[in-house]
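Geometric and topological summary
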Amino acid sequence: MKPGKPAETQTATLAEIAREAGVSAPTVSKVLNGRADVAPATRTRVEELLRAYGYRRRRAEASRSPLIDLVFHELESAWAMEVIRGVENVARDAGLSVVLSESAGRLTPGRTWADQVAARRPHGVILVLSGLDESQRALLTSRSIPFVVMDPAGDPGADVPFIGATNWQGGLAATRHLVELGHRRIGAITGPPHMMCSRARVDGYRAALETAGVPADPELIRTGDFHHEAGYRLGRELLGLPDRPTAVFAGNDLQALGLYEAARELGLRVPEDLSVVGFDDLPVARWVGPPLTTVRQPLTEMAEAAARLLLELGRSEEAPTATRVELATSLVVRSSTAAPPR
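Since we're looking at a predicted model, the values are computed, not measured.

Turning next to helix α6 (residues 134–142). Among all positions in α6, only Gln136, Ala138, Leu139, Leu140 and Ser142 are buried. Just downstream of α6 lies Ser144, where phi reads positive at about 55 degrees.

What follows covers the packing of helix α9 (residues 228–239) against helix α10 (residues 253–265). For any two helices packed against each other, one specifies the inter-axial angle together with the distance between the axes. Here α9 crosses α10 at 45 degrees, and the two axes come no closer than 6 Å. Between α9 and α10, the angle falls in the class oblique. As for the relative orientation of α9 and α10, their crossing is right-handed in sense. Note on element contacts: α10 touches α9 through Leu254, Gln255, Leu257, Gly258, Leu259, Glu261, Ala262, Ala263 and Glu265, opposite His228, Ala230, Gly231, Tyr232, Gly235, Arg236 and Leu239. Looking at the contact of α9 with α10 residue by residue, the classes come out as eight nonpolar, five polar and three charged.

Strand order in the open sheet formed by six strands is β7-β6-β8-β9-β10-β12, and the pairing between neighbours is mixed. The sheet is open, and its two edges are formed by β7 (221–223) and β12 (330–332), each paired on a single side. Averaged over all neighbouring strand pairs, the angle between strand axes comes to 20 degrees, with direction disregarded. As defined by bridge partners, strand β6 (residues 186–190) adjoins β7 across three bridges and the pair is classed as parallel.

Considering all chains together, one arrives at one cavity of 30 Å³ or more under this definition. In this structure, the largest cavity spans a volume of roughly 50 Å³. In terms of lining, the largest cavity is formed by Ala188, Ile189, Thr190, Gly191, Ser198, Arg201, Val202, Tyr205, Phe249 and Gly251. Going through the elements one at a time, β6 and α8 (196–211) are the ones with two or more residues in the lining of the largest cavity. By residue number, the principal contributor to the lining of the largest cavity is α8, which donates four residues. Here the residues of the lining of the largest cavity sort into five nonpolar, four polar and one charged.

Rules used throughout
- Residues numbered from 1 in each chain as written.
- Predicted model: local features only at pLDDT ≥ 70, side-chain atom pairs only at ≥ 80, totals over all residues.
- Heavy atoms only, no water.
- Buried < 20%, exposed > 50% of the residue type's maximum accessible area, 1.4 Å probe, protein only.
- Helix = DSSP H or I, 4+ residues; strand = E, 2+ residues; numbered from the N terminus.
- Axes fitted to C-alpha atoms, helices over the stretch in contact; angles between N-to-C directions.
- Parallel < 35°, antiparallel > 145°, perpendicular 65-115°, else oblique.
- Left-handed = near helix turned anticlockwise from the far one by under 90°.
- Contact = heavy atoms within 4.5 Å.
- Nonpolar A, V, L, I, M, F, W, Y, C, P; charged D, E, K, R; others polar.
- Pairing = 2+ DSSP bridges.
- 1 Å grid on protein atoms, 1.4 Å probe; cavity = no way out; pocket = protein on both sides within 12 Å on 5 of 7 lines; lining within 4 Å.
- Points joined across faces, edges and corners; volume = space filled by probe spheres on them.

Spelled out as structure tokens, the structure:
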């Protein structure tokens, strides 16, 4: 039995893997089940052999707990609540419960998380603005635990199922709306540059300006982090410029609300002195004063789609026909945008 054989032709029983690892079959079973009572060196050796032979539990032997693991890189926002609501809608109908995890701002959960998931043996894992490293993917795959990424932070890889939104189109629509109102000094407060959704939104912003023949001024673009505080701080910077923007596209609603606060402190009125467009269409966007013009990202629907795809992946050995889906964004015009002041 040679690990160098192509993965698609390899077959190995637990007994064969145990023999090659120099351990007992029950020890290999413990590793498969995420048990903690295995020495780290032994666990590593067994995991390497499981990956080398492409070992996967047969569906029949992969008894699952009635859980969906939902993993966020950060939980502290109304954005997360919309996602939780969507996953809960599908889980409830399927008779499942949802387990929440947070990776403390990291884009990849720690190794202990993967071991805990393997021990729980849930129906599957949904990762939001997160991802998995190669060893974590191999661990879940060997346990036949399906996973789906929602709104991936980086390139998830060609074989990773994901649900996203048309972020570039949303950034284009937001900026085009401001251009059509007559604005030419249009600022942007982006999200983190390492996140695909953030890059796509600011690329849409630039495309709308270019199409309108308006040069994108680097001085009017600020890099934020999708938090309220960044919108406030960077909004103060933009609005303090000698030739300040007459409109700002904020990369999400939370930064737009921070921008509202910065404008108020500087004595500027929205939309009479400053037009503001956000992104997400969180429930609060309708109730702030004035109600926020924003790009609706269908967060609840995205989460529902991710949960349905996850359950479909778990029901069949065959991959679903659509495992990489983008839901449409749409501009919602309210009272925070108007023609620029004379």
